[in-house]
Amino acid sequence: MKRLLTSLAAGAVILAGCSNSGGSSSADDQLKVELPLKTTTLAPYDTDVPVTIGAAETLFKTTTKGEIKPHLVKSYDQPSDDTLTFTLKDGIKFQNGHALTGQAVKDSLEQGLKKSDLLKATLPIESIKAKGQKVTIKTKGAYPELISELASPFTAIYDTKSKTDIKQTPVGTGPYAIKDFKRTQQINLTQNKDYWHGKPELKSMKVTFNEDGSSRTEHVLSGRTDVTTNVPVDKINSVKKSDKAKLENTSGFRTSLLLYNHTSPKMTKDVREALDAVINRQQISDKVADHYAAPANGPFNTKLDFIKDKAIPKQDISKAKALMEKAGYSEKHPLKLNVSSYSGRPELTKILQVIQSDAKKAHIQIKIQNVDDIEGFLKNKKDWDASMYSFGTIPRGDTGYFFNMAYKKDGAVNKGAYHNHKVDQLIEQLNHTVDKNERHHLTNEILEVSKQDIPNSYILYNDQINAMNQKVENVQTTPEGIYLIDEKVDKRK
């Protein structure tokens, strides 16, 4: 889902005729940022880019520990599982000088709900009431994860009263205001001198787009750009050896996995268990990811404090071989599987090649299918038995997102049609639970029950890896890979 969301990404906030639009800036005053995915729209409900580049902000924000904290909000309360009340911080203004009020938040969320199918699916809001700085949101049913969803970059607050084109120049509350936008090419931003959290360090910023990770990294190394994200593993050493660039990384919330097609007659539980035993997670972490990923034991990064089971499964070829022989397979008559991967994340194909080699030892013959459009390919379940996949499993600090999307029978990204009636019941219970500790308890119970099915094989927790000019300071390298630019980012002279 995360990949789907980010593929929609596009973002900018233009400011016409307001006090914070600056004049020309020197090269030292301008930060040049290059992002992976091209965008055709900057409406916050369409893309996460306005939040990434510091042009727009959300009511709540995810911390590096995966917790949700108030951002534009001063205080909040959930008096029931279908109601959220919060009070906005005083003195916050949009980049055009308009005040951030409860009514402005109500208008922003309601307009987003009208225009975005994504928000309609993730925000089941029945009503929003605003009075002064106070806002009350009532959902159509129990929805304790509402705070988590209000940390989504797609709920970033913008000024609906602005006369600018929302898809070209939305006006937010962030430290940098968008001056102009050329679709799929670049965004120019200027300093918001009146930013509520303090005057930003930079005078201006230029954002460009480039889907080629190697090319983006080379641009930083040559000085053509100052910052890029999602550095390919095979380019890391080039950055480390450079005297002009530096690397920053952090353990992330994106998980690489082997996704199983539960509708395929070949993918029995024994076969899934055998494949799971074939995978040498530690070796893949060390050799393929070059230690820029951690071995996984489930969908959620085990660095999260509330995850109880942190034991990493060890490779056991003998176990896998015995399971396959019991199922009737042998060296002469191996199980033949069609397993897909995709070019958008080339490291996944390298992981699959390692699995392919080890699987032969357990009488499993894997035919690798590399595709360009993995989302479209996976829709026809007759074409694949398993697939490499990458999932941002906990982008906003709450496990309910992943469970509802990937484990429920009708989940929007349950690509392999996994289903367990008990798991569905526990997810429904989670959906009606407000208390944080009880949610953590239910999360671990869902993980324990589902683990017996081996719904997928989770392989790595990937690092978020950024490269930047040596002169650049305070760029945010965060686990969820959304936040990048804030008012503290600077470029030394």
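Residues numbered from 1 in each chain as written. Predicted model: local features only at pLDDT ≥ 70, side-chain atom pairs only at ≥ 80, totals over all residues. Heavy atoms only, no water.

Which entries qualify depends on this criterion: UniProt positions are given in the numbering used here, feature names are shortened, and annotations may be inferred rather than shown by experiment.
The chain is annotated in an unreviewed UniProt entry as Solute-binding protein family 5 domain-containing protein of Staphylococcus simulans UMC-CNS-990. Under the UniProt heading Sequence similarities (unreviewed entry), the entry covering the chain gives this text: "Belongs to the bacterial solute-binding protein 5 family."

1. So, the overall build of the chain
Under the convention used in this document: Helix and strand assignments follow DSSP, with helices taken as H or I runs no shorter than four residues and strands as E runs no shorter than two, numbered in order from the N terminus. In short, Shrake-Rupley with a 1.4 Å probe defines the accessible areas, and a residue's cover is counted only from the protein chains shown. All tallies of charge rest on Lys and Arg as positive and Asp and Glu as negative; His and the ends of each chain are not included. By convention, charge coordinates are those of NZ in Lys, CZ in Arg, CG in Asp, or CD in Glu.
Along the chain, the regular secondary structure elements total 15 helices and 19 strands. Projected onto its principal axes, the C-alpha coordinates of the chain cover approximately 75 × 55 × 35 Å. Accessible area of the chain: about 20400 Å², with a carbon and sulfur share of 45%. Within the chain, the 61 negative side-chain charges are centred at a point lying 2 Å from the centre of the 72 positive side-chain charges.

2. Focus on empty space enclosed by the protein
Stated precisely, the cut-off is as follows: Computed over the protein atoms alone on a 1 Å grid, cavities are sets of points where a 1.4 Å probe fits but cannot get out and pockets are open sets with protein on both sides within 12 Å along at least five of seven lines; a residue lines them when it has an atom within 4 Å of a point. Grid points are joined across faces, edges and corners, and a volume is the space filled by probe spheres set on the points.
For the coordinates displayed, the defined rule picks out four cavities of 30 Å³ or more. A volume near 90 Å³ is recorded for the largest cavity.

3. Quick look at the nonpolar core
For clarity, the threshold we go by: Residues belong to a common nonpolar core when they are buried Ala, Val, Leu, Ile, Met, Phe, Trp, Tyr or Cys residues joined through side-chain atoms within 4.5 Å. Each residue gets one of three labels from its accessible area relative to the maximum for its type: buried under 20%, exposed over 50%, partly exposed in between, using a 1.4 Å probe on protein chains only. Contacts are residue-level and defined by heavy atoms, with any inter-residue pair within 4.5 Å sufficient.
If you look at the biggest cluster of nonpolar residues, it comprises 66 residues, and the most contacted ones within it are Ile351, Phe403, Tyr407 and Ile459. No other element matches the six residues that helix H13 (residues 400-407) contributes to this core. Setting aside residues no more than four positions away along its own chain, Tyr407 makes contact with Pro299, Phe402, Asn414, Tyr418, Val423, Asp424, Ile427, Ser450, Pro455, Asn456 and Tyr458. Ile68, Leu72, Leu123 and Phe154 belong to the second largest nonpolar core, which has 34 residues in total.

4. Focus on the pattern of salt bridges
For the record, the criterion: Take a side-chain nitrogen of Lys or Arg and a carboxyl oxygen of Asp or Glu: if they are within 4 Å of each other, that pair is a salt bridge.
Overall, the coordinates contain 19 salt bridges when judged by the stated rule. With a shortest N-O distance of 3.1 Å, Glu149 and Arg396 are connected by a salt bridge. Here the residue Glu149 occupies a position in helix H5 (residues 146-149), and Arg396 occupies one in the loop between strand E16 (386-392) and H13, the gap between them amounting to 247 residues. Each member of the pair, Glu149 together with Arg396, is buried. Its salt-bridge partner being Asp358, residue Lys361 comes within 3.2 Å of it at the nearest N-O pair. Each of Lys32, Asp226 and Lys491 takes part in a single network of salt bridges with overlapping partners.

5. Remarks on the environment of Pro200
Relative to the assigned elements, Pro200 resides in the loop between strand E9 (186-191) and strand E10 (204-209). Sequence spacing of Pro200 and Lys488 is 288 residues, and the spatial spacing of their C-alpha atoms is 6.3 Å. If we skip the residues at most four places from it in the chain, Pro200 touches Pro175, Tyr176, Gln191, Asn192, Tyr195 and Glu487.

6. Observations concerning helix H9 (residues 281-288)
Spelled out, the test is: Each C-beta atom gives one direction from the helix axis, and the arc is the one those directions make.
Three or more residues of H9 are buried, namely Arg281, Ile284, Ser285 and Val288. Looking straight down H9, one finds that the buried residues subtend no more than 110° of arc, so they occupy a single side. Residue Asp290 follows H9 closely and has a positive phi angle near 55°.

7. Some details on the pairing of strand E4 (residues 73-80)
To be explicit about the condition: In short, DSSP must find at least two bridges between two strands for them to pair.
Relative to strand E5 (residues 83-88), E4 runs antiparallel, the two being bridged by five bridges. Its bridge partner lying in E5, Ser80 is registered against Thr83. Here E4 hands over to E5 after two residues, the two strands then running antiparallel side by side.

8. Some thoughts on the sheet that holds strand E7 (residues 134-139)
Applied cut-off: Fitted lines through C-alpha atoms give the axes, limited to the stretch in contact for helices. The angle between two N-to-C directions lies from 0 to 180 degrees.
With antiparallel pairing, the four strands of this open sheet are ordered in space as E4-E5-E7-E6. Single-partner strands in this sheet number two, and they are E4 and strand E6 (125-131). Averaged over all pairs of adjacent strands, the angle between their axes in this sheet comes to 15°, without regard to strand direction. Where E5 meets E7, five bridges bridge the pair, whose relative direction is antiparallel. Considered in E7, the bridge of Thr85 is made with Thr136. Here helix H3 (residues 102-115) sits on the sheet and contacts E5, E6 and E7; the angle it forms with E6, its principal contact strand, is near 160°.

9. Details of the confidence of the model for the chain
Test applied: Confidence of the predictor at the level of single residues is captured by pLDDT, which takes values from 0 to 100.
The pLDDT averaged across the chain works out to 92; a share of 94% of its residues lies at or above 70. Between residues 1-25, whose pLDDT stays under 50, and residues either more than four places distant or in other chains, the model counts 96 contacts.

10. Examining helix H6 (residues 213-222)
Counted only if it meets this: Residues adjacent in sequence count toward polar contacts only when both atoms are side-chain atoms; beyond that, a polar contact is any pair of N or O atoms within 3.5 Å, and within protein one must be able to donate a hydrogen and the other to accept it.
What H6 keeps buried is the set Gly213, Arg216, Thr217, His219, Val220 and Leu221. Looking at the buried positions of H6, the neighbouring elements they touch are strand E1 (30-35), strand E11 (227-228), helix H7 (236-241), strand E12 (245-260) and strand E17 (456-469). For H6, the capping residue at the N-terminal end is Asp212, with a side-chain oxygen 3.0 Å from the backbone nitrogen of Ser214. Within two residues after H6, Gly223 carries a phi angle of roughly 90°, on the positive side.

11. Regarding the UniProt feature "domain: Solute-binding protein family" (unreviewed entry) in the chain
Within the UniProt annotation, "domain: Solute-binding protein family" (unreviewed entry) is assigned to residues 67-411. Counting secondary structure, residues 67-411 comes out at 28% helix and 27% strand; the distance between its end C-alpha atoms is 24 Å.

12. Considering the pairing of E9
A large share of E9 lies buried, amounting to six of its six residues. Bridge count for strand E8 (residues 176-182) against E9 is six bridges, and the pairing is antiparallel. For Asp180, the partnering residue across the bridge sits in E9 and is Asn188. The antiparallel hairpin formed by E8 and E9 contains three residues in its connecting segment, where Thr184 sits at a positive phi of about 65°. Summarising the sheet, E9 and E10 pair through five bridges and their orientation is antiparallel. For Gln186, the partnering residue across the bridge sits in E10 and is Thr208.

13. A look at the packing of aromatic side chains
So the rule is basically this: Stacked, edge-to-face and tilted are the three classes for Phe, Tyr and Trp ring pairs, Trp counted by its six-membered ring, which pair at centre distances within 6.5 Å; planes under 30 degrees apart are stacked, over 60 edge-to-face, the rest tilted. In this scheme, the term charge over a ring applies when either NZ of a lysine or CZ of an arginine sits within 6 Å of the ring centre and within 35 degrees of the ring normal.
One pass over the full model with this rule turns up 13 aromatic pairs. Look at Phe403 and Tyr407: their rings are 5.8 Å apart centre to centre, the planes differ by 35°, and that puts the pair in the tilted class. Of this pair, Phe403 and Tyr407 both sit in helix H13, four residues apart, which is roughly one turn of that helix. Tyr407 shares its class with Phe403; the two are buried. Linked through ring pairs, Phe300, Tyr389, Phe391, Tyr401, Phe402, Phe403, Tyr407 and Tyr418 together constitute an aromatic cluster. Positioned over the ring face of Tyr483 is Lys61, at 4.8 Å from the centre of the ring.

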